[in-house]
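# Coordinate inspection notes
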Amino acid sequence: MTYIVNGETVESAAATLADLLTVLEYEGEWLATAVNGELVHREDRPACRLADGDRIEVLSPMQGG
């Protein structure tokens, strides 16, 4: 399937948000995720089924000053 992740086209067979994050090597407790503009909480990611063309945003906090 084709997804748009942070504005970039990604081809993946991942069926859930949790699977996609694993494939794309996103790690950490502090990730914020949204699918098609709807926030998806960490505990809901394994059940969040993805469809072809979904827009996924993955945000992580930046450190620095």
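See above for the structure.
The following refers to the structure shown. (Residues numbered from 1 in each chain as written. Predicted model: local features only at pLDDT ≥ 70, side-chain atom pairs only at ≥ 80, totals over all residues. Heavy atoms only, no water.)

### Focus: the sheet that holds strand S3 (residues 32-35)
Spatial strand order, S2-S1-S5-S3-S4: 5 strands in an open sheet with mixed pairing. The open sheet has two edge strands with one neighbour each: strand S2 (8-11) and strand S4 (38-40). Taking each pair of neighbouring strands and ignoring which way they run, the sheet shows an average axis angle of 35°. Sheet analysis places strand S1 (residues 2-5) next to strand S5 (residues 55-59), joined by 2 bridges and oriented parallel. Within the sheet, the bridge partner assigned to Val5 lies in S5 and is Ile56. (Pairing = 2+ DSSP bridges. Helix = DSSP H or I, 4+ residues; strand = E, 2+ residues; numbered from the N terminus. Axes fitted to C-alpha atoms, helices over the stretch in contact; angles between N-to-C directions.)

### Notes on the side chain of Ser12
Residue placement: Ser12 occurs in the loop between S2 and helix H1 (17-23). Accessibility expressed as a relative area gives 9% for Ser12, which makes it buried. Only 3.0 Å separates the side chain of Ser12 from the backbone nitrogen of Ala14, close enough to count as a polar contact. Other than its neighbours up to four places away in sequence, Ser12 contacts Met1, Tyr3, Leu20 and Val23. (Buried < 20%, exposed > 50% of the residue type's maximum accessible area, 1.4 Å probe, protein only. Polar contact = N/O pair within 3.5 Å; in protein donor to acceptor, adjacent residues only side chain to side chain. Contact = heavy atoms within 4.5 Å.)

### Some details on the pairing of S5
Across the two faces of S5 the burial differs, with Ile56 and Val58 buried and Arg55, Glu57 and Leu59 not buried at all. The sheet contact formed by S3 and S5 spans 4 bridges and is antiparallel. Of the residues in S5, the one forming a bridge with Ala34 is Glu57.

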